[in-house]
Amino acid sequence: MRAPRSVWPYVAFTGLTFTTGALVSKALVDDGVDALVVAGAPFLLAGLVGLANTLRTDRLSRAGVVSAALLGVANSTMPAVFINLGFEVLPAGLVTLLISMGPVFTAVTAHFVFPDERLRATKLVGLALSVAGVAVLAVGAGDSDGDAGLRGVVLVLVGVTAAGVSAVPARALAVRYGAARLIGTQLAAAGAVALLAIVPTGRDAVPDGGWSPGHVIGLVVLAATALGGFRSMMAANEIGTTGQVSVIGYLLPVLGVAGGAVFFDEAITVAVLGGGALILGGVVMLGLGSRSAAPAAEPAGHSV
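As a starting point, this report considers the structure included with it. Residue positions are counted from 1 within each chain, in the order its sequence is given. The model is predicted, so local features are restricted to residues of pLDDT at least 70 and side-chain atom pairs to those at 80 or more, both for listing and for counting; the totals for chains, interfaces and linings are taken over all residues. Processing note: side-chain calculations cover all non-hydrogen atoms of the structure and skip hydrogens and water entirely.

As for the overall build of the protein chain
To be explicit about the condition: Only runs of H or I of at least four residues qualify as helices and only runs of E of at least two qualify as strands under DSSP, and these elements are numbered from the N terminus. Within these notes, the globule rule equals 2.2 Å times the number of residues to the 0.38 power, and the radius of gyration is based on C-alpha atoms. Categorising residues by exposure relies on relative accessible area from a 1.4 Å probe, with only protein chains included: less than 20% of the type maximum marks a residue as buried, more than 50% marks it as exposed, and the intermediate range marks it as partly exposed.
Of the regular secondary structure elements, the protein chain holds 12 helices and zero strands. Its helices and strands taken in sequence order, the protein chain reads α-α-α-α-α-α-α-α-α-α-α-α from the N to the C terminus. In terms of overall dimensions, the protein chain is globule-like: its C-alpha atoms have a radius of gyration of 18 Å, near the 19 Å expected for 304 residues. Seen through its principal axes, the protein chain has C-alpha atoms that stretch 55 × 45 × 35 Å. In the protein chain, which comprises 304 residues, the proportion classed as buried is 50%.

Observations regarding the packing of helix α6 (residues 121-177) against helix α7 (residues 179-196)
Let me state the cut-off plainly: For helices, the fitted axis covers only the stretch in contact; all axes are lines through C-alpha atoms, and the angles between them, taken along N-to-C directions, range from 0 to 180 degrees. Any angle between 65 and 115 degrees counts as roughly perpendicular, while under 35 counts as roughly parallel, over 145 as roughly antiparallel, and the rest as oblique. We call two residues in contact whenever any of their non-hydrogen atoms come within 4.5 Å of each other. The residue classification treats Ala, Val, Leu, Ile, Met, Phe, Trp, Tyr, Cys and Pro as nonpolar and Asp, Glu, Lys and Arg as charged. All others, Gly included, are polar.
Remark: α6 packs on α7, axes separated minimally by 7 Å, with the N-to-C direction vectors making an angle of 125°. For the element pair α6 / α7, the angle class is oblique. In this structure, α6 uses L173, A174 and Y177 to contact α7, whose residues at the interface are A179, R181 and L182. Its residues assigned to classes, the contact of α6 with α7 shows five nonpolar, no polar and one charged.

Brief notes about the side chain of T185
Note on placement: T185 falls in helix α7. Residue classification places T185 among the buried residues on the basis of a relative accessible area of 12%.

Side note on the environment of K26
The topology assignment puts K26 in helix α1 (residues 8-30). With residues near it in sequence (within four places) discarded, K26 still touches F87, L90, P91, A92, F264 and E266.

Description of the nonpolar core
Most often, soluble globular proteins have nonpolar side chains that are buried together. What counts, and what does not: Nonpolar core, defined: a set of buried Ala, Val, Leu, Ile, Met, Phe, Trp, Tyr and Cys residues in which side-chain atoms within 4.5 Å join the residues together.
Counting 68 residues, the largest nonpolar core has L90, L98, V156 and M234 as its most contacted members. Broken down by element, this core gets its largest block of residues, 12 residues, from α6. Among residues more than four places away in sequence, those in contact with V156 are F82, I83, G86, L90, V95, L98 and I99.

Considering the environment of T161
Its place among the elements puts T161 in helix α6. Its relative accessible area of 28% is what places T161 among the partly exposed residues. Sequence-wise, T161 and R120 are 41 residues apart; in three dimensions their C-alpha atoms are separated by 21 Å.

Observations concerning the pattern of salt bridges
The criterion, for reference: By salt bridge we mean one thing: a side-chain nitrogen of Lys or Arg within 4 Å of a carboxyl oxygen of Asp or Glu.
Using the criterion set out here, one finds three salt bridges in the structure. In this structure, D30 and K26 form a salt bridge, with 3.2 Å as the shortest nitrogen-oxygen distance. One end of the pair is D30 and the other is K26, both in helix α1 and four residues apart, which spans about a single turn. The exposure class assigned to D30 is partly exposed, which follows from its relative accessible area of 46%. Under the relative-accessibility criterion, K26 is labelled buried at 6%. Between D34 and R203 there is a salt bridge; the shortest N-O distance is 2.7 Å. With D34 in the loop between α1 and α2 (35-57) and R203 in the loop between α8 (198-201) and α9 (213-239), this residue pair connects regions lying 169 residues apart in the sequence. We classify R203 as partly exposed; its relative accessible area is 27%. Taken together, the salt bridges that share partners define one network made up of D34, E88 and R203.

Concerning a nonpolar patch on the surface
For clarity, the threshold we go by: Within the patch definition used here, like charges are joined within 9 Å and nonpolar side chains (Val, Leu, Ile, Met, Phe, Trp, Tyr) within 5 Å, considering only residues with over 30% relative accessible area and no salt bridge. Note that accessible areas follow from Shrake-Rupley with a 1.4 Å probe, and for residues the cover is restricted to the protein chains shown.
A cluster of nonpolar side chains, L45, V49, V216 and V220, forms an exposed patch at the surface whose accessible area comes to about 310 Å². Where the nonpolar patch is concerned, the elements lending two or more residues are α2 and α9. Within the secondary structure, V220 is located in helix α9. By relative accessible area, which is 43% here, V220 ends up partly exposed.

Remarks on the packing of helix α3 (residues 62-87) against α6
To keep things clear, this is the line we draw: Each crossing is labelled by how the near helix is turned from the far one, with a counterclockwise turn of less than a right angle marking it left-handed and a clockwise turn marking it right-handed.
Remark: α3 packs on α6, axes separated minimally by 8 Å, with the N-to-C direction vectors making an angle of 160°. Classified by the angle their axes make, α3 and α6 are roughly antiparallel. You can see that α3 and α6 cross each other, and the crossing is left-handed. For the contact of α3 with α6, the residue count by class is 18 nonpolar, seven polar and no charged.

Structural notes on helix α4 (residues 92-99)
Where burial is concerned, most of α4 is hidden: eight out of the eight residues are buried. Listed as buried for α4 are A92, G93, L94, V95, T96, L97, L98 and I99.

A look at α6
Given 3.6 residues per turn, any residue in an α-helix points the same way as the ones three and four places further on. Selection rule: Under the convention used throughout, the expected extent of a helix is 1.5 Å for every residue step, that is, one less than its residue count. One axis is fitted to the seven residues ending at the residue and one to the seven starting there. The bend at that residue is the angle between these axes.
Relative to the 84 Å expected for 57 residues at 1.5 Å per residue, α6 spans just 34 Å between its end C-alpha atoms, considerably shorter than the ideal helical length. Remark: the principal bend of α6, roughly 145°, maps to D145. Once α6 ends, the next one or two residues include G178, with phi positive near 95°.

Below you can see the structure in the form of structure tokens.
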């Protein structure tokens, strides 16, 4: 009899992949590539590759296609666009610390959807610690960058909220349709929406000075991290609880701050250390609270 797969290798791989993608996105944005292009082009490329691979062996119902496309906008386009806009004004380390708030929004949403993922005492402590950590980071960003810093924090939090909330239906859809069937449509739709948004917003799709080989390589690397990371996360959603999958957020603050210091010469300030410690502590408490509950088979009122 085949042993059941463990969720933890998928969680670790997803965390490492997303951190790499965040650092590459920061490098591209700093080099003048528009935030919408950094979000859209890799998603579209990864989605087309994923679709081609899926269609060779499988099919997806019309309802599945629509669900995956909507999930792409909520779980991929919105988080990537708003986080990349935050990269325009904030250090990579600070952004990845804010990204690690995703499990908080997932836990709050899961409280209203999954009967066995209520916000009990341990999770409420984690929520309070995480919110306190964001407050410390916001004050630090305001002190160093003024209104631009605070605006960046808000932009990133909008993206992280979208990612955290949509992680709950992502799990339900992965269980219903299978991760491999969803990922191509999800990413292709996410990329197309982000790129189409360039026209009404009047943003410039071409970087100042034109495209360089480094830009193209960076976008290809992002496509690979998107396809690998989202496929891994969806696979984790198939076999793990929402709380277990949210542990991906444990890796982001540590690797993100370290990457920002190493690759972008970012200072590790008292606010970053203090706020990061509070957020990480909160995410750990949320994870402990999730692991103490039995896994949920289906969300309450499930009708996806």
